[in-house]
Amino acid sequence: MEDIKTLIIGILGGVVVLALSKAYRAYRIKTLKQDIEFLEFEKNHLAEMKRSSVERNRSSFRALFAVLMFIALANFLPILFSLAGLFQSGHFNMFVNLILWGMVLGLSGKFWRRYDNLKNFKEATQKMEEKLARLKEKIESK
């Protein structure tokens, strides 16, 4: 009886490992496809910005307004919290501020990189093509 119980546990364990492996592989392929779609979108968007000064200006103003919005929120929320009497300990305020200032830095870095890619358009598109080729190879190998 003990041997049958051990055998069933071993079989169930193997089935669970196979199912988890298959689910992880499907998740990984889905993630790689999303990365490919994002890189293609970024490459097309960069090409549109390179061709059209209107699109470049529109994107520039969106970037500027997004960064300014997060700076305003980072300065406004602690005042609002203290005025409303919420989170008097200050730890939550500091945590929210840290997140918002991190978003400001992240957005600034992202848009800085995008405009650097515009200056070096050929090299940037070549790097994107290499990344796309590597991601497509990974999908085909799985």
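Here the structure is a predicted model, which means the values were calculated and not measured.

Notes on helix α1 (residues 2-51)
For α1, spanning 50 residues, the distance from its first C-alpha to its last is 73 Å, which sits close to the expected 74 Å at 1.5 Å a residue. Of all the residues in α1, the buried ones are Ile 29, Thr 31, Leu 32, Ile 36, Leu 39, Glu 42, His 45, Leu 46, Ala 47 and Met 49.

Brief notes about the packing of α1 against helix α3 (residues 91-119)
Between α1 and α3, whose axes approach to 10 Å, the crossing angle comes to 60 degrees. Put simply, α1 runs oblique to α3. Once α1 is placed against α3, the crossing between them reads as right-handed. In contact with Glu 42, His 45, Leu 46, Met 49 and Lys 50 of α1, α3 contributes Arg 114, Tyr 115, Asn 117 and Leu 118. For the contact of α1 with α3, the per-class residue count stands at four nonpolar, two polar and three charged.

Focus on the layout of surface pockets
Each pocket or cavity is described by its volume, and for the largest pocket that value is around 310 Å³. Along its surface, the largest pocket is lined by 14 residues, and Arg 113, Asn 117, Ala 124, Met 128 and Lys 131 are the ones closest to its centre. Sorting the residues of the lining of the largest pocket by element identifies α1, α3 and α4 (121-141) as the ones contributing at least two each. Of the residues that constitute the lining of the largest pocket, the class distribution is four nonpolar, two polar and eight charged.

Let's talk about a nonpolar patch on the surface
Taken together, the side chains of Phe 61, Leu 64, Phe 65 and Leu 68 define a hydrophobic patch exposed on the protein surface, amounting to about 410 Å² of accessible area. Summarising the element assignment, Phe 61 is placed in helix α2 (residues 53-84). The class for Phe 61 is partly exposed, based on a relative accessible area of 46%.

Some remarks on a positive patch on the surface
A cluster of like positive charges, contributed by Lys 110, Arg 113, Lys 127, Lys 131, Arg 134 and Lys 138, occupies part of the molecular surface. Taken together, the elements giving at least two residues each to the positive patch come down to α3 and α4. The element that contributes the greatest number of residues to the positive patch is α4, accounting for four residues. With respect to the secondary-structure elements, Arg 134 resides in helix α4. Assessed through its relative accessible area of 48%, Arg 134 is described here as partly exposed.

Quick look at the nonpolar core
If you look at the biggest cluster of nonpolar residues, it comprises eleven residues: Ala 63, Val 67, Phe 70, Ala 74, Leu 77, Phe 81, Val 96, Leu 100, Val 104, Leu 107 and Phe 111. Of all elements in the fold, only α2 and α3 reach the threshold of two or more residues within this core. Looking at which element gives the most residues to this core, the answer is α2, with six residues. Residues in contact with Phe 70, not counting those within four places in the same chain, are Leu 100, Met 103, Val 104 and Leu 107. In this structure, Ile 36, Leu 39, Met 128 and Leu 135 belong to the second largest nonpolar core, which totals ten residues.

Parameters and conventions
- Residues numbered from 1 in each chain as written.
- Predicted model: local features only at pLDDT ≥ 70, side-chain atom pairs only at ≥ 80, totals over all residues.
- Heavy atoms only, no water.
- Helix = DSSP H or I, 4+ residues; strand = E, 2+ residues; numbered from the N terminus.
- Expected span 1.5 Å × (residues − 1).
- Buried < 20%, exposed > 50% of the residue type's maximum accessible area, 1.4 Å probe, protein only.
- Axes fitted to C-alpha atoms, helices over the stretch in contact; angles between N-to-C directions.
- Parallel < 35°, antiparallel > 145°, perpendicular 65-115°, else oblique.
- Left-handed = near helix turned anticlockwise from the far one by under 90°.
- Contact = heavy atoms within 4.5 Å.
- Nonpolar A, V, L, I, M, F, W, Y, C, P; charged D, E, K, R; others polar.
- 1 Å grid on protein atoms, 1.4 Å probe; cavity = no way out; pocket = protein on both sides within 12 Å on 5 of 7 lines; lining within 4 Å.
- Points joined across faces, edges and corners; volume = space filled by probe spheres on them.
- Patch = residues over 30% accessible without salt bridge, like charges linked within 9 Å, V, L, I, M, F, W, Y side chains within 5 Å.
- Areas by Shrake-Rupley, 256 points an atom, 1.4 Å probe, with all protein chains shown as cover.
- Salt bridge = Lys/Arg side-chain N within 4 Å of Asp/Glu carboxyl O.
- Lys, Arg positive; Asp, Glu negative; His and termini not counted.
- Charge placed at Lys NZ, Arg CZ, Asp CG, Glu CD.
- Core = buried A, V, L, I, M, F, W, Y, C linked by side-chain atoms within 4.5 Å.

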